[in-house]
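Chain by chain, the residues:
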Amino acid sequence: MHNYKNLHIWQEGINLARKIYEVTGNFPANEKYGIVSQMTRAAVSIPSNIAEGAGRNSNKDFANFLSIAIGSIFELHTQIAICEQIGYINEETTKQLEQQIYTLQQQITTYKQRIEGSAPRQGETSPTSESKK
């Protein structure tokens, strides 16, 4: 098991979810149960799946939940693109969100590769050996 609160990817997922709540707070009221609900659910799903996976007993299970988190990132990215197209999000906000999403996606992917057995960075212990302790 991993302490999810200490994982940078979980912390960044929380930051992204908070930003999505801020951005969607300016959307039209008639979107409360439409795109706002979809975007906030996708954004909340990212750190939630990281946390749930961290609580599993194997790195294989954890990696699966990280894959689900990545899927939620792609879902959120699509919803942001739609919102820009229909005028709910301006180009500057879209670029900021896309950068945050891209960075988090890369971080989750890298961490997933590490727990799946890729060699640890110099001076680190392998997450695989960590979980066997």
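**Structural notes on the overall build of the protein chain**
Along the backbone of the protein chain there are 5 helices and 0 strands. Listing every helix and strand of the protein chain by position from the N terminus yields α-α-α-α-α. Out of the 133 residues in the protein chain, the part that is buried amounts to 41%. Carbon and sulfur atoms make up 48% of the accessible area of the protein chain, which totals about 7700 Å².

**A short note on the pattern of salt bridges**
As enumerated under the stated definition, the model contains 3 salt bridges in all. Residues glutamate 91 and lysine 95 are paired through a salt bridge, measuring 3.1 Å at the closest nitrogen-oxygen approach. Residue glutamate 91 and its partner lysine 95 are both found in helix H4 (residues 91-115); the two are separated by 4 residues, about one turn of the helix. Accessibility expressed as a relative area gives 52% for lysine 95, which makes it exposed. Across the salt bridge formed by glutamate 116 and lysine 112, the nearest N and O atoms sit 3.0 Å from each other.

**Here we look at the nonpolar core**
Grouped together as the largest cluster of nonpolar side chains are 33 residues, with contacts concentrated most on Met39, Ile46, Ile50, Leu76 and Ile108. Elements that contribute at least two residues to this core include exactly helix H1 (8-24), helix H2 (35-54), helix H3 (59-85) and H4. When residues no more than four places from it in sequence are discounted, the contact partners of isoleucine 108 are Ile9, Ile46, Ile50, Leu66, Ala69, Ile70 and Ile73.

Parameters at a glance
- Residues numbered from 1 in each chain as written.
- Predicted model: local features only at pLDDT ≥ 70, side-chain atom pairs only at ≥ 80, totals over all residues.
- Heavy atoms only, no water.
- Helix = DSSP H or I, 4+ residues; strand = E, 2+ residues; numbered from the N terminus.
- Buried < 20%, exposed > 50% of the residue type's maximum accessible area, 1.4 Å probe, protein only.
- Areas by Shrake-Rupley, 256 points an atom, 1.4 Å probe, with all protein chains shown as cover.
- Salt bridge = Lys/Arg side-chain N within 4 Å of Asp/Glu carboxyl O.
- Core = buried A, V, L, I, M, F, W, Y, C linked by side-chain atoms within 4.5 Å.
- Contact = heavy atoms within 4.5 Å.

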